[in-house]
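As a plain string of letters, each chain reads:
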Amino acid sequence: MTTNTKLISLCSKADLVPNSGVCALVDGRQVALFYLPEDEQVYAIDNHDPFGQANVLSRGIVGSIADVPVVASPLYKQRFSLVDGQCFEDEAVKLATWQVTLLDDVLMIDPTPR
Amino acid sequence: MNKTKLILIGNGMVGHQFLASLAESGEAERFEVTIFCEEPRLAYDRVQLSAYFSGKTAEDLAMGQPAQYAAWGYHVRLNEKVVSIDRDNQTVTSSTGATLAYDQIILATGSFPFVPPVPGHDREHCLVYRTIEDLEAITASAAKGRSGVVVGGGLLGLEAAKALRDLGLETHVVEFAPRLMAVQLDDAGGKVLRDKIAELGVKVHTGKNTQQIVDGDNAVHRMEFADGEVLETDVILFSAGIRPRDELARSCGLDVGERGGIVIDNDCLTSDKNIFAIGECALWNGRIFGLVAPGYNMAKVAVARLLGEDKQFLGADMSTKLKLMGVDVASIGDAHGHTPGARNYTYLDEACGIYKKIVVNESGKQLLGAILVGDAEDYGTLLQYALNGIDLPEFPDSLILPQRGGDGKPAGLGVAALPETAQICSCHDVSKGDICQAIDGGAATLGDVKSCTKAATGCGGCSALLTNLVNHELESRGVEVNRNLCEHFDFTRQELYHLVRVDQIKSFDELLHKHGRGKGCEICKPTAASILASCWNEFVLKKPHVGLQDTNDTFLANMQKDGTYSVVPRVAGGEITPDKLIVLGQVAKQFNLYTKVTGGQRIDLFGARLEELPQIWRILVDAGFETGHAYGKSLRTVKSCVGSTWCRYGVDDSVGLAIEVENRYKGLRSPHKIKFAVSGCTRECAEAQSKDVGIIATENGWNLYLCGNGGMKPRHGDLFATDLDKDTLIKYIDRFLMFYVKTADRLQRTSVWMDNLEGGLDYLRQVIIEDSLGLGAELEEQMLQVVGTYECEWKKTIEDPEALKRFRPFVNADATDSNVVFVMERDQIRPATAAEKAANTPAVPVKMVS
Ligand SMILES: Cc1cc2nc3c(=O)[nH]c(=O)nc-3n(C[C@H](O)[C@H](O)[C@H](O)COP(=O)(O)OP(=O)(O)OC[C@H]3O[C@@H](n4cnc5c(N)ncnc54)[C@H](O)[C@@H]3O)c2cc1C
Ligand code: SF4
Ligand code: SF4
Ligand code: FES
């Protein structure tokens, strides 16, 4: 569906922290990036916590529910799927996610949220 | 609808129970309740009265709370006594002259201590032991005297003797009967008890009939006995039995017993159908019940009858088990074998001071009664045999003979054998059926069962039995009690701790691969991080641990609602130099931080952005500050009063000790936060009794209080040990903390942890003081390792470029979070509200950092 031409480079793999999050600015929006080396996967979701109304999700703890990778907000502990941004505590809340890929040691992102 | 006018006369323990039961029934609105309370305070726990002498205050003992009564809609008339009842006009008149109409009356007037009318009984410093005012008088008299005599060697008399001894008096007990506790014990049992008490330094004189009390030569009083002997003493406490307070009932013509007591029937009604009597003032079937449990039952019956429900009082079991000056004593049922055909089995061990007797019926199949002195462990089992008529084993004496080696207790009664109706907790009248119901209703732990049935929360005598029963019931339901930490680990925190130590596990990944599944979560990761830290004390930001921590632990600061952090440097013992204070002020000014003094005697700096934290800490570390661990589940602060160095009352250097212990335990990771405080004297200005570990200086050393806390459910610490020298104090705290760290559940504060330990405080004493598990040395050694490997996490962080990378707000841009906006209030910053952000209120300019 996506063409590589839309992807822009964001940071190097060394900027990511395994099993934890960092934050990036993409078109003025804050994007939380989580690197799970075991799955060789990087996930990108909105950094804004809609419950606490603060930009903090990149500083949450990464884990899993059943087999879905999630992050728990450091403020009030709601959990969000890293795959599609769905909140587990409130069905009505779903965060924006971005498509990201590791090309060699560079993290590429499609700046349009999904 | 007109409300029924209900008047309660007497707000003692039983009156209080009546009020509580009425409120619990949900029907209290049907009544207009007025309470006459002769004493200057609402109901308090008379049973625990002696605890007043070991530091409990009147507030600690309080049962009735004014706010609670108000919420229940009751009117209280404190310090006001009812002086007459006019049954024809249905009114009562009080000591203030007020007259009130009633529809129903509850008499709960209790009893008064009987003072034998010997000449001189009303001299100064001749006292009784029943109310808080009595205790105050005893304390005052004891302060002036050297010796004290208790007249009466019954249950209450011996308790009073302990109080006198605790007050530092040379203590005597004078008993008219030939033995102590004549009602509950026989001669052999009385003798064993007497020997044990004598060993504790209390002199016992039995068979003594006091003739008169006159001026003494060397002390305030001289007591003269019928046998010609005399005894000199400064204080005399009468504890020669109780008499029901039936004077009101008598004067308004209600039926009273020949030897006192207001006659009641099975409905707790007196001879007037509008007047109930409950508690120690009531006479049922010719008997007065001088214990709280039967009184509580009467209270519940009275409530039921008022509401038209069917419930009756059918007598009560008067078996008792208690600890008198550290000696276990118990008496069950027909202890004297009055039943025709009754036969005894006895066991006497004079060397250890143990006496046991059981009384069985003619056929030898049923237990009628028992006496236990010196070792009352069998009480629970024997009581169940007696109460439930369970068939005795073939050789009944096997129940009391010591089991040495071999196959253990042959006839120990399994809880399975108890019928549903068996009463497990007599204080709160909880049956086996009630407990099973609670478990079926979802109670899954001992703690749950305790809080929903109240079982084992009175005298505590039933807690061992309750624990067995709860375990048994859970198992028999096939409930494997799920104490799993989370979906990733089928273990409790305690089990994980053990695995980490035994397998020498050093990282979360290793732990997960060996013992868990999935990726972990916000519950197990910080738990594992805390365990790893308390076992190996490795630098928390070391690569493998990153990502395990809560954001606060990761960034070594406390996240606030807007995503900024607060910074709290350690100020050990609350002692800080002017220079350091100035540094804090300068930092706050430079980074435009909001400053506030915390309850833990430190200074909290709010509003630091992620990227500012390392810069702030560089300055702080240079000035000699260390991290305060305000973010971690670990030792927070050791609060202290100024102590003997400055305070005119201080008896020891509380600040010095506070600094020493804070520095010893700083950084220790634990299941929950831990707070300490040290006071320089018993005035307790540091509020040490509200802390996990509280230390109070005494003339002879330090008193140690454990397991208190503030917060949502405040709890006073329990006095654990007294007059310790510093080395012993530190040793006990080492053992206590390490034992807690090793065995507590995640987020379990010390108080809850202790309540869940079978045996509670006593058990802790055994483990820590007597070293009953043989763990002492190991615990100390492990603590020593933690102490020896302490590093300031912030100092390490600012020296580590890798770790510092984490404090960049964005990996790809040099910007700050535009959503963090401050406005000014009371001359300091605060986070802007959403409305203020939307309205674009002029914000505080982004700080200039030099
Ligand atoms: C030191 C001590 C230790 C004890 N230990 C135990 C124990 O271990 N186990 C146990 O089961 N029991 C124990 N007891 C006994 C227990 O305390 C009593 O059984 C219980 O308090 C009885 O409760 P009550 O409400 O009937 O009477 P009380 O608690 O005496 O209350 C009666 C109240 O009524 C008030 N009053 C009386 N007349 C009037 C009036 N006309 N107008 C207004 N108010 C009036 C009195 O001032 C009093 O406050 C102990 C008692 C003492 C003193
Ligand atoms: S607790 Fe004692 S020593 Fe400390 S400040 Fe108060 S009065 Fe002084
Ligand atoms: S009491 Fe409540 S508002 Fe105050 S600091 Fe604690 S959690 Fe925050
Ligand atoms: S018997 Fe007293 S608490 Fe249960």
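For clarity, every value in this text was computed on a predicted model and none was experimentally measured. (Residues numbered from 1 in each chain as written. Chains lettered and ligands numbered in written order. Predicted model: local features only at pLDDT ≥ 70, side-chain atom pairs only at ≥ 80, totals over all residues. Heavy atoms only, no water.)

Participant: Which residues make up the confidence of the model for chain B, and what are the values?
Facilitator: Any segment with low pLDDT has predicted coordinates that should not be analysed in fine detail. All names here are of chain B. This prediction gives chain B a mean pLDDT of 88; 95% of its residues lie at or above 70. Between residues 405-412, whose pLDDT stays under 50, and residues either more than four places distant or in other chains, the model counts ten contacts. This stretch, residues 845-850, has a pLDDT under 50; its non-local contacts, to residues over four places away or in other chains, come to twelve contacts. Of the two predicted TM-score estimates for the complex, the pTM is 0.53 and the ipTM is 0.90. (pLDDT = per-residue confidence, 0-100. Contact = heavy atoms within 4.5 Å.)

Participant: So what about the side chain of Thr-467 of chain B? Which residues, and what values?
Facilitator: By secondary structure assignment, the location of Thr-467 of chain B is in helix α12 (residues 463-476). In contact with Thr-467 of chain B, other than residues within four places in its own chain, are Leu-446 and Glu-758 of chain B. (Helix = DSSP H or I, 4+ residues; strand = E, 2+ residues; numbered from the N terminus.)

Participant: Residues and numbers for helix α5 (residues 155-166) of chain B, please.
Facilitator: Because the α-helix completes a turn every 3.6 residues, residues three or four places apart line up on one side. All names here are of chain B. With twelve residues, α5 extends 17 Å between its outermost C-alpha atoms, agreeing within 8% with the 16 Å of an ideal straight helix rising 1.5 Å per residue. Residues Leu-155, Gly-157, Leu-158, Ala-160, Ala-161, Ala-163 and Leu-164 constitute the buried set of α5. Each element contacted by the buried residues of α5 is listed here: α4 (132-144), β10 (147-151), β11 (170-174), α6 (187-199), β16 (235-238) and β21 (320-324). The first or second residue beyond α5 is Gly-168, which carries a positive phi of 90°. (Expected span 1.5 Å × (residues − 1). Buried < 20%, exposed > 50% of the residue type's maximum accessible area, 1.4 Å probe, protein only.)

Participant: Kindly report on the environment of Asn-703 of chain B, identifying the contributing residues and their values.
Facilitator: All names here are of chain B. Mapped onto the fold, Asn-703 is located in strand β35 (residues 701-706). With 22 residues separating them in the primary sequence, Asn-703 and Cys-681 have C-alpha atoms 9.8 Å apart. A distance of 2.9 Å separates the side chain of Asn-703 from the backbone nitrogen of Asp-723, its partner in a polar contact. (Polar contact = N/O pair within 3.5 Å; in protein donor to acceptor, adjacent residues only side chain to side chain.)

Participant: Talk me through the site of ligand 1; I want residue IDs and the actual numbers.
Facilitator: Residues and elements named next belong to chain B. Around ligand 1, a shell composed of 29 residues is seen, among which Val-14, Glu-38, Glu-39, Arg-130 and Glu-280 lie nearest. In this structure, an oxygen atom belonging to ligand 1 sits 2.9 Å away from a main-chain N or O atom of Val-14. Measuring from an oxygen atom of ligand 1, one finds a side-chain N or O atom of Glu-39 at 2.6 Å. Relative to its free-state accessible area of 990 Å², ligand 1 is covered by the protein chains to the extent of 93%. When residues of the shell around ligand 1 are traced back to their parent elements, those giving at least two are α1 (13-24) and α5. Take the shell around ligand 1: its biggest share by element is three residues, from α1. Partitioning the shell around ligand 1 into residue classes produces twelve nonpolar, eight polar and nine charged. Residue assignment places the shell around ligand 1 across two domains, with domain 1 (4-112 + 244-306) and domain 2 (126-240) each supplying three or more. (Near = heavy atom within 4 Å. Areas by Shrake-Rupley, 256 points an atom, 1.4 Å probe, with all protein chains shown as cover. Nonpolar A, V, L, I, M, F, W, Y, C, P; charged D, E, K, R; others polar. Domains from an automatic or database assignment.)

Participant: Residue-level account of the environment of Ile-695 of chain B, with values.
Facilitator: Residue and element names in this part refer to chain B. Tracing the sequence through the fold places Ile-695 in strand β34 (residues 693-698). Here Ile-695 falls in the buried class, since its relative accessible area comes to 0%. Sequence separation between Ile-695 and Ala-658 is 37 residues, and the spatial gap between their C-alpha atoms is 9.0 Å. For Ile-695, the residues in contact, after removing those within four places along its chain, are Leu-657, Ala-677, Val-678, Ser-679, Ala-688, Trp-702, Asn-703, Leu-704, Leu-729 and Ile-733.

Participant: An account of the interface of chain A and chain B is requested, with residue identities and associated values reported.
Facilitator: At the junction of the two partners, chain A supplies 36 residues and chain B supplies 37 residues. Broken down residue by residue, the surface that chain A buries against chain B is led by Arg-59, Ile-61 and Ser-64 of chain A, which jointly contribute 25%. If you look at where chain A meets chain B, you find two salt bridges. A salt bridge links Lys-519 of chain B to Asp-39 of chain A, with the shortest nitrogen-to-oxygen separation between them at 3.1 Å. Inspection of the chain A/chain B interface yields 16 residue pairs in polar contact (both at pLDDT 80 or more). Going through the elements one at a time, β1 (8-12), β2 (20-26), β3 (29-36), β6 (54-55), β7 (61-65) and β8 (68-72) of chain A are the ones with two or more residues in the side of chain A that touches chain B. Residue composition of the side of chain A that touches chain B, by class: 20 nonpolar, ten polar and six charged. (Buried area = accessible area lost by both parts, 1.4 Å probe. Salt bridge = Lys/Arg side-chain N within 4 Å of Asp/Glu carboxyl O.)

Participant: Summarise the packing of helix α13 (residues 493-502) of chain B against helix α20 (residues 726-743) of chain B; cite the residues concerned and give the values.
Facilitator: All names here are of chain B. Across the interface, α13 lies against α20 with an axial gap of 7 Å and an inter-helix angle of 100°. Considering their axes alone, α13 and α20 lie roughly perpendicular with respect to each other. Contact residues: Arg-493, Gln-494, Tyr-497 and Arg-501 in α13; Met-738, Val-741, Lys-742 and Thr-743 in α20. Residues of the contact of α13 with α20, tallied by class, amount to three nonpolar, two polar and three charged. (Axes fitted to C-alpha atoms, helices over the stretch in contact; angles between N-to-C directions. Parallel < 35°, antiparallel > 145°, perpendicular 65-115°, else oblique.)

Participant: So what about the sheet that holds β3 of chain A? Which residues, and what values?
Facilitator: Residue and element names in this part refer to chain A. Pairing in this open sheet of four strands is antiparallel, and the strands run β2-β3-β4-β10 from one edge to the other. In this open sheet, the two edge strands, each paired with only one partner strand, are β2 and β10 (97-98). In the sheet, β2 pairs with β3 via seven bridges, with the strands oriented antiparallel. Residue Val-26 lies in a different strand from β3, and its bridge partner there is Arg-29. (Pairing = 2+ DSSP bridges.)

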